[in-house]
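Survey of secondary and tertiary structure
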Amino acid sequence: MTYISGDRESESGPTRRALLVAGAGAALAAGCAPGGTPGAPAPTPSGSAPSGLAAAAGPTPGAMTLFKDPGYNFNGLLALGASGAGAAEVGEVLTAVNAINGAGLSAQTYVETFRKLGDQLLGPPPGAPADGQTKRFRALRAAQYYGQALFFVLGSKDPGSEEQLYKAGRDAWDTFCDLCEPAPVKAAVPYGTTPLPVWFFRPDTSNTPRPTVILTNGSDGQNVDMWTYGVPAALERGWNALVYDGPGQGQLLFVDRVVFTPTWEKVVSPLVDWLSARPDVDQDRIALTGLSMAGDLAPRAAAFESRIAALVAMPGCVEPWLGFPPEIRQILTPSKEETNDIWNTKVVPELPPEAAAVLKKRFEPFSVPAMLQARQGKLFTDFYTPATRIQALSIASVISRIKAPTLVLDYEDEQFYPGQPRRLYDALTSPKDYVKLTAAQGAQLHCSPMAPQLHCEVVFDWLQETLPGGGS
């Protein structure tokens, strides 16, 4: 771990790697990983692995390589890492990995295997009938596995099942929440014409005012990920934790069809209003975290919402559009007509299926037509609209407005936003700290998929020091 407070120097920049193999033959799609990776290496042919992928010097050495394809491997590692929070089971994940590899790795085998595992967990385990605790954590694991299947469903033979698969994971999540003690408060917080679903977790049902953390998800995470990356850590320290779906996420995307907005303060401020009206929330100790692309969204909100008392960007991100490779970004021109002509006549015909599936997934949170076309097995025809929406997420011009103490996380081998955490940290004028998690700790890669417990220790120790309080 590299820790910087004040003006101490950081380590050298991280290595850039692609997550999802775009497929042979499309140079412009090379390195187009989830979230994108500028400057990523050329893709490897289907069914082969980069030489030395499992070597000790690689970002996922030895047993850390579950799948030869680094995109599937990253998702598998996220599931495996969630075991520490009860949101997965090591044996279940590894058995699923073996089944997928045995059948031949593909979106289809991945989706089928994890969907089936989710279905199984909603039934009873072997032996005696399941009690409440067993049902609770089986539902949590089911939510994880449905989320795993959901991530790749647009590349499967049944992309039209995306909403159904989301709802299966959401039902499992709600089942888990209903069995918690105490159960989180569920509410719908006003936001435009589409309310934000929230789950407010508390250590107990007393009205003791407590510090509270608002946990913000990224561009493709699910509620179960917010459990892994924050809820237990908050509760164990006597904090409240708020989980929510914003535009472009969860229910708002897959059901209500509301895409991401660049003005994330308009999302967070109603949440702060709702929290501030509760007697069990200390209004002076409301923190905000942002995981993955929310490392851009949360700082944007904190730049305009003065009631945020502490901010954590995990990792820091200034311009999500730069997370796409140059070959993708250069398609966008000032003219919508010209941009879409380039896309449809010069780019789409050259895209192999693997690259097309990646782009469907990456662009759907920014375009309802793109999402609906993807569910029909088609690639979107309007590149300009979602691309300009991603471009509009830049927070470069507002970072100086942030006044709250801020922790910026970075990761060795950060695939999506290399260099951006340090860029955010350097631009901040508020009290600030920088922590880089490393391969030596098993915490490499975007969001430390293999080390969420360490991740939470770093984040919540910092929050506890910055906004002391809590306790049972």
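Residues numbered from 1 in each chain as written. Predicted model: local features only at pLDDT ≥ 70, side-chain atom pairs only at ≥ 80, totals over all residues. Heavy atoms only, no water.

A few words now on the side chain of Gln148. Along the chain, Gln148 falls in helix α4 (residues 132-152). Within the structure, the side chain of Gln148 is placed 3.0 Å from the backbone oxygen of Asn75, a separation counted as a polar contact. Not counting residues within four places of it along the chain, the set of residues in contact with Gln148 comprises Asn75, Gly76, Leu78, Ala79, Tyr110 and Phe114. (Helix = DSSP H or I, 4+ residues; strand = E, 2+ residues; numbered from the N terminus. Polar contact = N/O pair within 3.5 Å; in protein donor to acceptor, adjacent residues only side chain to side chain. Contact = heavy atoms within 4.5 Å.)

A separate point is the pairing of strand β5 (residues 240-244). Taken across its 5 residues, β5 has 5 buried, putting it largely inside the fold. Of the two faces of β5, the one holding Asn240, Leu242 and Tyr244 and the one holding Ala241 and Val243 are both buried throughout. Relative to β5, strand β3 (residues 196-201) is paired through 4 bridges, and the arrangement is antiparallel. What sits directly across from Trp199, in β5, is Val243. One ladder, built from 4 bridges, connects strand β4 (residues 210-216) with β5; its direction is parallel. (Buried < 20%, exposed > 50% of the residue type's maximum accessible area, 1.4 Å probe, protein only. Pairing = 2+ DSSP bridges.)

Both the distance between ring centres and the angle between the ring planes are used here to describe each pair of aromatic rings. For the structure on display, the rule yields 27 aromatic pairs. Considering the side-chain rings of Trp173 and Phe176, the 5.8 Å spacing of their centres and the 35° angle between planes classify their relative orientation as tilted. Of this pair, Trp173 and Phe176 both sit in helix α5 (residues 162-178), 3 residues apart, which is roughly one turn of that helix. Accessibility classification places Trp173 together with Phe176 in one group, the buried group. With centroids separated by 5.0 Å and ring planes inclined at 35°, the aromatic side chains of Trp343 and Phe383 adopt a geometry described as tilted. Here the residue Trp343 occupies a position in helix α12 (residues 336-347), and Phe383 occupies one in the loop between α14 (368-375) and α15 (384-391), the gap between them amounting to 40 residues. On the accessibility criterion, Trp343 (0% relative accessible area) is buried. Judged by its relative accessible area of 0%, Phe383 falls in the buried class. A connected cluster of aromatic rings, assembled from ring pairs, spans Phe67, Tyr72, Tyr110, Phe114, Tyr145, Phe151 and Phe152. Positioned over the ring face of Tyr434 is Arg422, at 5.5 Å from the centre of the ring. The side chain of Lys432 reaches across the aromatic face of Tyr425, ending 4.5 Å from its centre. (Phe/Tyr/Trp six-rings, centres within 6.5 Å; stacked < 30°, edge-to-face > 60°. Lys NZ or Arg CZ within 6 Å of the ring centre and 35° of its normal.)

Turning our attention to unusual backbone geometry. A cis amide bond links Glu181 with the next residue in sequence, Pro182, at an omega value of -5°. Its location among the elements puts Pro182 in the loop between α5 and β2 (185-189). A cis amide bond links Met314 with the next residue in sequence, Pro315, at an omega value of 0°. Considering the arrangement of structural elements, one finds Pro315 in the loop between β7 (310-314) and α11 (326-329). For Ser292, which is not glycine, the phi torsion reads 60° and is therefore positive. Topologically, Ser292 is positioned in the loop between β6 (281-291) and α10 (294-304). Of the residues examined, Ser292 reaches a relative accessible area of 14% and is grouped as buried. Although it is not a glycine, Cys447 sits at a positive phi angle of roughly 65°. For Cys447, the position within the fold is in the loop between β9 (432-437) and α17 (452-466).

Our focus in this paragraph is α4. With 21 residues, α4 ought to run about 30 Å at 1.5 Å a step, and its terminal C-alpha atoms sit 31 Å apart, in line with that. In terms of burial, α4 is largely enclosed, as 15 of its 21 residues are buried. (Expected span 1.5 Å × (residues − 1).)

Overall, the coordinates contain 19 salt bridges when judged by the stated rule. In this structure, the salt-bridge partner of Asp280 is Arg278, at a minimum N-O distance of 3.0 Å. Judged by relative accessible area, Asp280 falls into the buried class, the value being 2%. (Salt bridge = Lys/Arg side-chain N within 4 Å of Asp/Glu carboxyl O.)

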